[in-house]
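Observations on chain architecture
What follows is each chain in one-letter form.
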Amino acid sequence: MHRVLVVEHHPLVLSALADLVVEEPGLELSGIAGSAREAISLANHMQPDVVLIDVDERGRQTQRLVRLIGELLPSARIVRLTAVSDPQMECLESPTNNPSILKTAVPEFLRSITE
């Protein structure tokens, strides 16, 4: 069973992503966060295996959040979610160096980690 933390600042998108996690067998929603502060607190307390982080709002706060969560959860799979395809954006802080994925590809990604 993989525990998943979802970080997204848009409430409707956050809810939809959380629903996708809940509906996928083999996954457990360990928490949802609408802000960096919530995400760090939940990551520290819930110790998820997978962290889905919205990166559409570019900037230092997102980079810092990914770095801090990577430090808190060195063995977690950190996956950046984006609404646009951008080959420049990669999860360099993730131990498996996963590329970012489109939000529309989240269902397929979630299925792939439970197989």
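Since the model is a prediction, treat every value here as computed from it, not as a measurement. (Residues numbered from 1 in each chain as written. Predicted model: local features only at pLDDT ≥ 70, side-chain atom pairs only at ≥ 80, totals over all residues. Heavy atoms only, no water.)

1. Section: helix 4 (residues 106-114)
Where we set the bar: The rule is simple: take the accessible area with a 1.4 Å probe, protein chains only, and divide by the maximum for that residue type; under 20% is buried, over 50% is exposed, in between is partly exposed. In DSSP terms, a helix is any run of H or I states spanning at least four residues, a strand is any run of E spanning at least two, and both are numbered starting from the N terminus. This arc is taken over the directions from the axis of the helix to the C-beta atoms. Should any heavy atoms of two residues lie within 4.5 Å, those residues are counted as being in contact.
The set of residues buried in helix 4 consists of Val106, Phe109, Leu110 and Ile113. Here the buried residues of helix 4 occupy an arc of 100° about the axis, which is enough to place them on one side. Those residues of helix 4 hidden inside the fold are in contact with strand 1 (2-7), helix 1 (11-23), strand 2 (27-33), strand 3 (50-54), strand 4 (77-82) and strand 5 (101-102).

2. A word on the UniProt feature "modified residue: 4-aspartylphosphate" (unreviewed entry) in the protein chain
Going by this rule: UniProt positions are given in the numbering used here, feature names are shortened, and annotations may be inferred rather than shown by experiment.
Here the UniProt-annotated "modified residue: 4-aspartylphosphate" (unreviewed entry) positions come out as Asp54. As for its placement among the helices and strands, Asp54 is situated in strand 3. Note on Asp54: relative accessible area 7%, which makes it buried. Discounting chain neighbours no more than four positions away, the residues touching Asp54 are Val7, Glu8, His9, Thr62, Leu81 and Lys103.

3. Structural notes on the pattern of salt bridges
Selection criterion: The salt bridge criterion pairs a side-chain nitrogen of Lys or Arg with a carboxyl oxygen of Asp or Glu, the two atoms within 4 Å.
This model, assessed by the stated rule, comprises four salt bridges. Of the charged contacts, one joins Lys103 and Asp54 as a salt bridge, the two residues approaching to 2.9 Å between their closest N and O atoms. Highlighted residues: Lys103 in the loop between strand 5 and helix 4 and Asp54 in strand 3, separated in sequence by 49 residues. Of the two residues, Lys103 and Asp54, both sit in the buried class. Within this structure, Glu8, Asp54 and Lys103 form a network of salt bridges that share partners.

4. Digging into the pairing of strand 3
Rules: Two strands form a pair only when DSSP identifies at least two bridges running between them.
Within strand 3, five of the five residues are buried, leaving the element largely enclosed by the surrounding structure. Residues Val50, Leu52 and Asp54 of strand 3 are buried on one face, and the alternating residues Val51 and Ile53, pointing to the opposite face, are buried as well. Relative to strand 3, strand 1 runs parallel, the two sharing four bridges. Bridging from a neighbouring strand, Val4 pairs with Val50 of strand 3.

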